[in-house]
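A structural walkthrough
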Amino acid sequence: MKKKLFTALILVLVAGFVLCLIPWSRTVSVHTTAYEYNVGQEEPLAVRDVVIEGRYTVYVFKENQFDGTLSVSGYDYSQQMPAKIQFWHDRNPGMISYRDEAGQPLGRELAYIYCSRDFTRFTIQIFDQERQGSQVISHWNGRVLCADTPDYETMVSQSAQVGFRADEIG
């Protein structure tokens, strides 16, 4: 009896381990309006259309990732290139990078995204890039893009809910 119980326990543990190795993924399709803010200024700078479409894959033993498109009206590079978002640690933030047709990264990260599990609520930190010799330097310019937040207080609240640190947004 003990041997059967031990064998069953081992089989359950092995099956659980194997299931942990298999990633699961789902389709993401979000079309929304987002408001661009300068942190500390209550009026939005711009209203943007944002489209997020692709596959979100969750792994147990490595970084989760999104492969697809993340298009933001007014940002030309996002209209033409496929995006990859790499999530580390406990999901947020995800580092957004754009890829050429061969799947190779184009420069450094363009932004970080803090988002809900279904991608419908998000805050994107917008980075500026400048070329210094052969290097591309990215730095945060104080702007954020936040889904469906026409007023500053809602933007601050939603940003905190998806993990964007409150001390970064005043």
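This text gives an overview of the structure that appears in the document.

About the cut-offs
Residues numbered from 1 in each chain as written. Predicted model: local features only at pLDDT ≥ 70, side-chain atom pairs only at ≥ 80, totals over all residues. Heavy atoms only, no water. Helix = DSSP H or I, 4+ residues; strand = E, 2+ residues; numbered from the N terminus. Buried < 20%, exposed > 50% of the residue type's maximum accessible area, 1.4 Å probe, protein only. Contact = heavy atoms within 4.5 Å. Areas by Shrake-Rupley, 256 points an atom, 1.4 Å probe, with all protein chains shown as cover. Polar contact = N/O pair within 3.5 Å; in protein donor to acceptor, adjacent residues only side chain to side chain. Phe/Tyr/Trp six-rings, centres within 6.5 Å; stacked < 30°, edge-to-face > 60°. Patch = residues over 30% accessible without salt bridge, like charges linked within 9 Å, V, L, I, M, F, W, Y side chains within 5 Å. Salt bridge = Lys/Arg side-chain N within 4 Å of Asp/Glu carboxyl O. Lys, Arg positive; Asp, Glu negative; His and termini not counted. Charge placed at Lys NZ, Arg CZ, Asp CG, Glu CD.

In this section: the overall build of the chain. Helix and strand counts for the chain stand at three helices and eight strands. Ordering the α and β elements of the chain from the N terminus gives α-β-β-β-α-β-β-β-β-β-α. For the chain, the residues scored as buried account for 38% of the 170 residues in total. Nonlocal contacts in the chain, meaning residues at least 24 apart in sequence, comprise 41% of its contacts between residues at least 6 apart. Taken as a whole, the chain presents about 10,000 Å² of accessible surface, with 56% of it coming from carbon and sulfur.

The next thing to look at is the side chain of R143. Tracing the backbone shows R143 in strand 8 (residues 135–147). A distance of 2.7 Å separates the side chain of R143 from the side chain of E36, its partner in a polar contact.

Here we take up the packing of aromatic side chains. Tallying each qualifying case throughout the model produces four aromatic pairs. Aromatic side chains Y56 and F119 sit 5.4 Å apart centroid to centroid with 75° between the ring planes, which places their arrangement in the edge-to-face category. One end of the pair, Y56, is in strand 2 (residues 46–58); the other, F119, is in the loop between strand 6 (111–115) and strand 7 (122–132), with 63 residues separating them in the sequence. Both rings, one in Y114 and one in F164, keep their centres 5.0 Å apart while their planes meet at 75°; by these two values the pair is edge-to-face. Placement of the pair is Y114 in strand 6 and F164 in the segment after helix 3 (152–161), with a sequence separation of 50 residues. Looking at F164, the relative accessible area reads 1%, which means it is buried. Members of the aromatic cluster, each reached through a chain of ring pairs, are Y56, F66 and F119.

Another point: a negative patch on the surface. Taken together, the side chains of E42, E43, D151 and E153 make up a negatively charged region of the molecular surface. Mapping D151 onto the fold places it in the loop between strand 8 and helix 3.

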